[in-house]
Amino acid sequence: MNLELGYEPTHKQRLFHASEADEVLYGGAAGGGKSYAICWDAFMRCMKYPGTHAYLFRRTYPEVEMTLVRTMRRIVPEALGKYTAGSHEMKFPNGSAAHFCHLQNEGEGLLKYQGAEIHWLYFDELTSFEAEVYDFLKTRLRAKKSLGIRPCIRSSSNPGDIGHAWV
């Protein structure tokens, strides 16, 4: 099935989507389309690979709501994705899902993801996280062979913030 959704990525967004690297960082100043690219990437991967799970992280829940959830709801037609606010996730007809996550209380928050099987891991504003958070969530990146995928990490970031040095 081919769908025309009207996304015309910029040159940098195309490079971001096309990379075959296990980990990709899309950096730059505010307003460069980084969060938009993250949402499109998660949506496209979830639609292409049935039964997969994308986890999209921001530091706080208000940030998740204002950027990732708002953007995803704007780009995904209701017939292709149903957002449930109570569970902070968007489910797709093919069994895939996008989970909108935050780590405002880092220590407690990481425990929520201890048993997660993350196929597509996204960090929007990666420099707002410590290296330990990234390293821990990276260990949750895995998939059953039957899915036929290679899990990956896609991040975006502005310069600065607490994680600037390690990123």
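Shown above is the structure to which this text applies.
Residues numbered from 1 in each chain as written. Predicted model: local features only at pLDDT ≥ 70, side-chain atom pairs only at ≥ 80, totals over all residues. Heavy atoms only, no water.

> Describe in detail the side chain of Arg58, supporting the description with residues and values.
With respect to the helices and strands, the residue Arg58 is situated in strand β2 (residues 53-58). Here the side chain of Arg58 touches Thr67 through a polar contact of 3.4 Å, side chain to side chain. When near neighbours in sequence (up to four residues on either side) are disregarded, Arg58 contacts Ser35, Glu63, Val64, Thr67, Leu68, Cys101, His102, Leu103, Asp124, Glu125 and Phe129. (Helix = DSSP H or I, 4+ residues; strand = E, 2+ residues; numbered from the N terminus. Polar contact = N/O pair within 3.5 Å; in protein donor to acceptor, adjacent residues only side chain to side chain. Contact = heavy atoms within 4.5 Å.)

> Break down the environment of Pro93 for me, with residues and values.
With respect to the helices and strands, the residue Pro93 is situated in the loop between β4 (89-91) and β5 (97-102). A relative accessible area of 60% places Pro93 in the exposed class. Measuring from C-alpha to C-alpha, the distance between Pro93 and Lys145 comes to 22 Å, with 52 residues separating the pair along the chain. When residues no more than four places from it in sequence are discounted, the contact partners of Pro93 are Ala79 and Leu80. (Buried < 20%, exposed > 50% of the residue type's maximum accessible area, 1.4 Å probe, protein only.)

> Break down the pattern of salt bridges for me, citing the residues and quoting the values.
In this structure the tally under the stated criterion is eight salt bridges. As a salt-bridge pair, Lys91 and Glu89 come within 3.4 Å of each other at their nearest N and O atoms. A cluster of three or more residues bridged by salt bridges with shared partners is formed by Arg58, Glu63 and Asp124. (Salt bridge = Lys/Arg side-chain N within 4 Å of Asp/Glu carboxyl O.)

> Residue-level account of unusual backbone geometry, with values.
Excluding glycine, most residues fall at negative phi; most peptide bonds, likewise, are trans. The backbone phi angle of His88 is positive, close to 55°, even though this residue is not glycine. Topologically, His88 is positioned in the loop between β3 (82-84) and β4. Even without glycine at this site, Asp161 takes up a positive phi of about 75°. Counting through the fold element by element, Asp161 comes out in the segment after β7 (152-157).

> Pulling in residues and values, what's your account of the sheet that holds strand β1 (residues 23-27)?
On the basis of which strands lie adjacent, the open sheet formed by seven strands has the order β1-β7-β6-β2-β5-β4-β3 and mixed pairing. Each having just a single partner strand, β1 and β3 make up the two edges of the open sheet. For this sheet, the mean angle separating the axes of adjacent strands, direction not counted, is 15°. Pairing analysis gives five bridges linking strand β6 (residues 120-124) to β7, with the strands arranged parallel. Opposite Tyr122, over in β7, you have Arg154 as the bridge partner. On top of the sheet, helix α3 (residues 61-75) reaches β2, β3, β4, β5 and β6; it is set at about 160° to β5, its chief contact. Lying over the sheet, helix α5 (residues 131-138) contacts β1, β2, β6 and β7, oriented at roughly 165° with respect to β6. (Pairing = 2+ DSSP bridges. Axes fitted to C-alpha atoms, helices over the stretch in contact; angles between N-to-C directions.)

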